[in-house]
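# Structural description and commentary
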Amino acid sequence: MSEGAIKGKVTVRLRPGVLDVQGKAIANALADLGFGDTEVRVGKVFEVSLDAADADAARARLAEMATGLLANPVMETFEIEVD
Amino acid sequence: MSEGAIKGKVTVRLRPGVLDVQGKAIANALADLGFGDTEVRVGKVFEVSLDAADADAARARLAEMATGLLANPVMETFEIEVD
Amino acid sequence: MTPTPPYTPEVIRQHGLTPDEYARLEALLGRAPTWPELGVFSVMWSEHCAYKSSRVHLRRLPTTGPRVIQGPGENAGVVDAGDGWAVVFKMESHNHPSFIEPLQGAATGVGGILRDVFTMGARPIALLNALRFGRPDHPRTPYLVKGVVGGIGGYGNCVGVPTVGGDASFDACYDGNILVNAFALGVARADRIFLGRAEGVGNPVFYVGSKTGRDGIHGATMASEEFGEGSEAKRPTVQVGDPFTEKLLIEASLEVMGADLLAGVQDMGAAGLTSSSCEMASRAGSGLVLELDRVPMRETGMTPYELLLSESQERMLMVCKRGREDELLAIVRRWGLDVCEVGRVTDSGRFVCRWHGDVVVDVPVGALVDEAPCYDRPRIEPPSPTPLADADLPPMADAGADLRALLATPTIGSKRWIYRQYDHMVQTGTVIRPGAGDAAVVRLPETQRGVAMSVDCNARYCALDPYAGAGLAVVESALNVACVGARPVAVTDCLNFASPERPEVMGTFAAAIDGIAAACAALETPVVSGNVSLYNETEGRGIHPTPMIGMVALMEDAAAAVGSGFPTDGLAVVVLGEAPPALGGSVWLGLRGDPLRGLPPRLDPAAARKVIDALLAAHAAGLVASAHDVSEGGLAVALAECTFAHGVGVAADLSAGEGPLPARLFGEAIGTVVVATADRDALLALAQRLGVTAWFVGPTGGDRVVITVDERRVVDAGVADLRAAWEAALPAVVAARGPL
Amino acid sequence: MRFTVVSFPGSNCDHDCVRVVEEVLGEQAALVRHTADDLDRPDVVLLPGGFSYGDYLRCGAIAARAPVMAAVRRFAEGGGPVLGICNGFQVLTECGLLPGALGRNAGLDFVCDDVWLTVEGRATPFTRGVRRDAPLRVPVAHHDGCYFADDATLARLEGEGQVVFRYVDAAGRSDATANPNGSRANIAGICNAAGNVVGMMPHPERCAEPLLGGVDGRLLFDAVRGVLS
Ligand SMILES: Nc1ncnc2c1ncn2[C@@H]1O[C@H](COP(=O)(O)OP(=O)(O)O)[C@@H](O)[C@H]1O
Ligand SMILES: [Mg+2]
């Protein structure tokens, strides 16, 4: 990777309505630990350094990565941020 | 959960020295798919709705959850955001 | 807003009902259905639940026998395993969901088949899976393989049921429609089997397990439709498996059953709450009333329609004996599961659902179940296959190179990449692990006995001749279990076919049923459970007929099980049986172009029966050091495979065989077995006494595979070299990177 | 002698451990649930394998915070022998009774296979007298068995003889090809500073009878029995 790499972030979340088995277990555990009633959804974040001309180019590239690999469109949605 | 729940976010990342095997595999896959050379780190994000008096109280509580359960200090660091 | 009648033809079509079926439905009700009722009929009359195209043919299968405790019709089949124990097993498809979302599709397939088994009161002790993928170089194949294997492993590993075997192969006919068939087997006391019946008027009905969300609504109708443009839009209906909850559900259910609290129980599988309650009421000849608003919900704003059709996973419906409610609640809550009384058993013969007191569904159970459509669809007799003239055989330059190439095909190659991802040892009962023998062997808890299992189907044979091909699947799986030393006792099947609305497909279906029936009758292995999966096609291109067979076998002493690899030098290798080698549909023919030519192997169940009896007699006499049946790739591949486990070579002289060289080496002679024995004379004498051809081909030993024909050394290859090619086959397929 | 097997929701090798204790060793086993505040008179405590709480979040993380762990900690701090197997090892690192952490396998896939182990370091209750001249063959079955500790911790473990098991090949060589999961220094199992708490990813309970194809795992159970009797 060259020095001029841009850093971006792809956050992947389960689509609303899709069962979040981890979130459910974590909320139960938090309750057991005395944190009371919570609702938890678990997502993934991919922090990617990539070569791109500018922020817009990086954003477009990250969107392609997300559709092609990082997110599973059947169950997940994604969101992109670029520094 | 009551109506007045506050939404917060705990992002958990691997410590810099810890090998991120998933990130490496994803970077390889991205290269194979023609995305060129990238560097990828994978983290988790927990979106938590909780009852709290205000944003500061929520932040404090999320920090307790992170130290108490959501992150493992041996390998991970965390960061907290509250809407 | 909830749609109300009259419904448009489009709405009726979306519910998978033909105009005729809808007219019948109105006639049965004497009125138009409410919206939730339309949903209920849509799933209950789907191919998936009603078996409307297959029922007339399934009746021809043999389903009874002295060991059969429960045949088809319940959640799983039950067979007497001796000493008061029973084995409970079934196989089921999850093809369409796995093509759309391979990881969750395969995972929920495992979850579903496990529930079918423990719902009968049996503790699951083994899982197997049979997988069919498209051609290895199809761009989507690596993604599908990784997803499906990850899903099966992820689920089975977590619930703690060992995945002890399976079958996987690749063919272009599955490019647009993979097959994921999951098999589960459990063990129970024979007098403690639970049935899916809503018995006892007034008994309360409990909902147990995960909360209901909008998962997989219309999943059952989806499984009954072919793919085409627009299936993308069906994506949000994907169900997510939660193996952790399933594990708790297994323990809670078995504990509740052990405490004798239940009058009936059924899992909520395809078509969820609707089919579980209607089937339970139908089997018991009772009725049910459900208060839908009490169903534990995961999402807000759910409607009666959605609650009735949701396919959320990890849920059970339990009919509790009146007066034992508190005990049930205590047990289920101790396992941390949601539980709620949602209804009662009635004697009305009607399925009634209320929503905050209002009746939203009120239909006769009989209309949903007994009156479901049943078709004898038009069919065309499958054409007879034509023999391949010797002159039309492709030339073979180097038999050794062909052997290596065959071993390197992903269909024949080692499946270690798959089963290494499956916990095949949990429960500490696995005696023959995947890869170690022709069938998996698991000990029956609290006994010395073993149960052997194998799943098989060669779809190329079925494409050439569905009658013979389907029968051969039975024969091959029976030979597999006999190789490890177990007596085949019963069968479960999973009949994967294309659209029944095409007469040529229906013709293959009917022929396959007859082939299975003939083979099962000859082998005295009745069919005790099974599943039909139709509409396996994409844009009019169907899969080969793939009637998967799961064979279950028993042995007195699990410790006597033997593997397929030659254990030591200096043994005699004997071929038992004289099935003629066939090149039609063979993998070798596939190396040279289209394999779908010529005659498939001959189906001769009576001859196979004799071989099995001889093999079992040889086992009993302690004459079998290893055994492996001849299948894909023929005798040469079988011999090579026997050398891999322990690195023990072989020198075989195949001069006594018949036919052209490619047939002798690579012809697929289903019904022959490669046995290694320390006492050649005794084995040959035993075979002769039982009227089975036995043929000594040479000794084990060294580190090479040497095959001689008419004093010509046609193969001479290092075991390590061949094994490397065989082991690289599957990793090469999944190493390719493709889009989702 | 009495072995207490601690069962969390999602544990799935708990009954396998009980079976080895009762049927192979002929000793007493008590199964204690995650909610218990008492371990039911144990001489030895086993934390079994499985997927406690589904392995959701991190393996062993939620179990490490279950009520029963207070009693396990007391028993361990009092010098009682504790063996965590697979998920049990993950629980022990998550609750701090053992140093380091277990992350996703380097190959990213679940691995179920036989591996070879050398017995090293100090003699723990589970390895006292166990042969050191030839590797043991023991199965692994895990998705998250990649042992991680920072350099300082690793140096301490090595220096104090706290590395108890290391992945090797059949010939006893410890290199990357013998490492099923990418663990640092091929570490398969460690003990605490006192030596009474041991965690290991491989499953000795799966190879304690000839029927299952191996008996090397039995050596560990025999060792602790020998130490205590
Ligand atoms: N999908 C699968 N899941 C688990 N084990 C599998 C799977 N496919 C194949 N196996 C295992 O791999 C081994 C070899 O399978 P296969 O090549 O079909 O052998 P055979 O030719 O003897 O039937 C068997 O032990 C089988 O159970
Ligand atoms: Mg096979």
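We now examine the overall build of chain D. For chain D, the count of helices and strands is five helices and eleven strands. Taken over C-alpha atoms, the radius of gyration comes to 16 Å for chain D, in line with the 17 Å a tight globule of 229 residues would show. Dimensions along the principal axes, computed over C-alpha positions, put chain D at roughly 40 × 35 × 30 Å. By sequence separation, contacts in chain D at least 24 residues apart represent 76% of the contacts at least 6 residues apart. Total accessible area on chain D is roughly 7,300 Å²; 49% of this is exposed by carbon and sulfur atoms. Put simply, chain D has 21 plus and 28 minus side-chain charges, and the middle of one group is 3 Å from the middle of the other.

Of the residues in chain C, 97% have a pLDDT of 70 or more, and the chain-wide mean is 94. Taken together, the stretch residues 227–235 of chain C has pLDDT below 50 and engages in 15 contacts with residues farther than four places along the chain or on a different chain.

In this section: the relation of the copies chain B and chain A. Placing chain B over chain A gives an RMSD of 0.2 Å and needs a rotation angle of 180 degrees, together with 0.0 Å of translation along the axis. Such a combination of turn and shift is consistent with a two-fold rotation axis. Ranked by how close their C-alpha atoms come to the rotation axis, the residues of chain B are headed by Lys-44 of chain B, at 2.3 Å. Same-surface contact between copies: 100% of interface residues of chain B are shared with the interface of chain A.

Residues and elements named next belong to chain C. The strand order across the open sheet built from four strands is β23-β25-β22-β26, with neighbouring strands paired in antiparallel fashion. What marks the edges here is a single partner per strand, and that holds for β23 (626–629) and β26 (694–699). Shown here is a sheet whose adjacent strand axes are inclined to one another by a mean of 25 degrees, direction ignored. In the packing of helix α18 (residues 466–484) onto the sheet, contacts are made with β23 and β25 (673–677), and the angle to β23 comes to roughly 175 degrees.

What follows covers helix α3 (residues 87–94) of chain D. Every α-helical turn comprises 3.6 residues, leaving residues that sit three or four positions apart pointing alike. All names here are of chain D. α3 sits mainly inside the fold: eight of its eight residues count as buried. Regarding α3, the residues found buried are Asn-87, Gly-88, Phe-89, Gln-90, Val-91, Leu-92, Thr-93 and Glu-94. Trailing α3 by a residue or two, Gly-96 shows a phi angle of about 85 degrees, which is positive.

How each quantity is defined
Residues numbered from 1 in each chain as written. Chains lettered and ligands numbered in written order. Predicted model: local features only at pLDDT ≥ 70, side-chain atom pairs only at ≥ 80, totals over all residues. Heavy atoms only, no water. Helix = DSSP H or I, 4+ residues; strand = E, 2+ residues; numbered from the N terminus. Rg over C-alpha atoms; globule rule 2.2 N^0.38 Å. Contact = heavy atoms within 4.5 Å. Areas by Shrake-Rupley, 256 points an atom, 1.4 Å probe, with all protein chains shown as cover. Lys, Arg positive; Asp, Glu negative; His and termini not counted. Charge placed at Lys NZ, Arg CZ, Asp CG, Glu CD. pLDDT = per-residue confidence, 0-100. Least-squares fit on C-alpha atoms with pLDDT ≥ 70 in both. Pairing = 2+ DSSP bridges. Axes fitted to C-alpha atoms, helices over the stretch in contact; angles between N-to-C directions. Buried < 20%, exposed > 50% of the residue type's maximum accessible area, 1.4 Å probe, protein only.

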